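# Coordinate analysis (summary)
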Amino acid sequence: MLTRIKYISRFAPQVTPQDLKAILDESVKNNQKKGVTGVLAISKGLFFQIIEGPRADVEELYKTIAFDRRHEDVLLLNVEHSISTRLYPDWSMRVLDLDSDSRADGQTLRFLLRATLDARRLQKDLTSTLERAIWKEFHKT
Ligand SMILES: Cc1cc2nc3c(=O)[nH]c(=O)nc-3n(C[C@H](O)[C@H](O)[C@H](O)COP(=O)(O)O)c2cc1C
């Protein structure tokens, strides 16, 4: 059984194309060793990544990635356990550059990525509001 994690994040300021290349090189090298596969979509300063593989490896990798200073605002979107088939069996880490001119569907994918980030932000704000409302409920004088 496998685990799949999806998250979204923003480039840290001053991230260079060399940083992106380094991330990809590290990912391919490490993921191959661990049997981790997935995809990393990049567009307009945003990352969306899916990592899948053995549970312990995927969870450990996500923790490492979450603390990586080359990106920020890492928002966990989804964790699935007990997966029996991989979505990306052939890619230790496939990069999808959504801004590349050669992609006819780039605009739609970019829109979906941005909308996912906005929806997640809104959900985070709502959760904070709910949290505060519950807190007040328990601290009424
Ligand atoms: C957006 C993003 C995605 C990453 N994806 C992976 C990945 O799939 N696999 C990986 O090993 N490291 C990935 N990294 C890099 C890790 O955070 C970390 O730097 C790396 O695993 C350390 O490798 P090393 O121990 O070989 O130096 C990613 C970093 C970022 C910012």
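Residues numbered from 1 in each chain as written. Predicted model: local features only at pLDDT ≥ 70, side-chain atom pairs only at ≥ 80, totals over all residues.

### Examining the sheet that holds strand β2 (residues 37-43)
- Read across the sheet, 5 strands follow the order β4-β1-β3-β2-β5 without closing on themselves; strand pairing throughout is mixed. The open sheet is flanked by β4 (71-83) and β5 (94-97), the only strands paired with a single partner. Taken pair by pair, the neighbouring strands of this sheet meet at an average axis angle of 15°, ignoring direction.
- With 7 bridges connecting them, β2 and strand β3 (residues 46-53) associate as antiparallel partners. Of the residues in β3, the one forming a bridge with I42 is F47. (Pairing = 2+ DSSP bridges. Helix = DSSP H or I, 4+ residues; strand = E, 2+ residues; numbered from the N terminus. Axes fitted to C-alpha atoms, helices over the stretch in contact; angles between N-to-C directions.)

### A few points about the site of the ligand
- Taken together, 16 residues lie near the ligand, and S27, N30, F47, D68 and R70 sit nearest.
- For the shell around the ligand, the secondary-structure elements that each account for two or more residues are α1 (17-34), β3 and α2 (55-66).
- Here the element with the most residues in the shell around the ligand is α1; it accounts for 5 residues.
- Broken down by class, the residue content of the shell around the ligand amounts to 7 nonpolar, 6 polar and 3 charged. (Near = placed C-beta within 6 Å. Nonpolar A, V, L, I, M, F, W, Y, C, P; charged D, E, K, R; others polar.)

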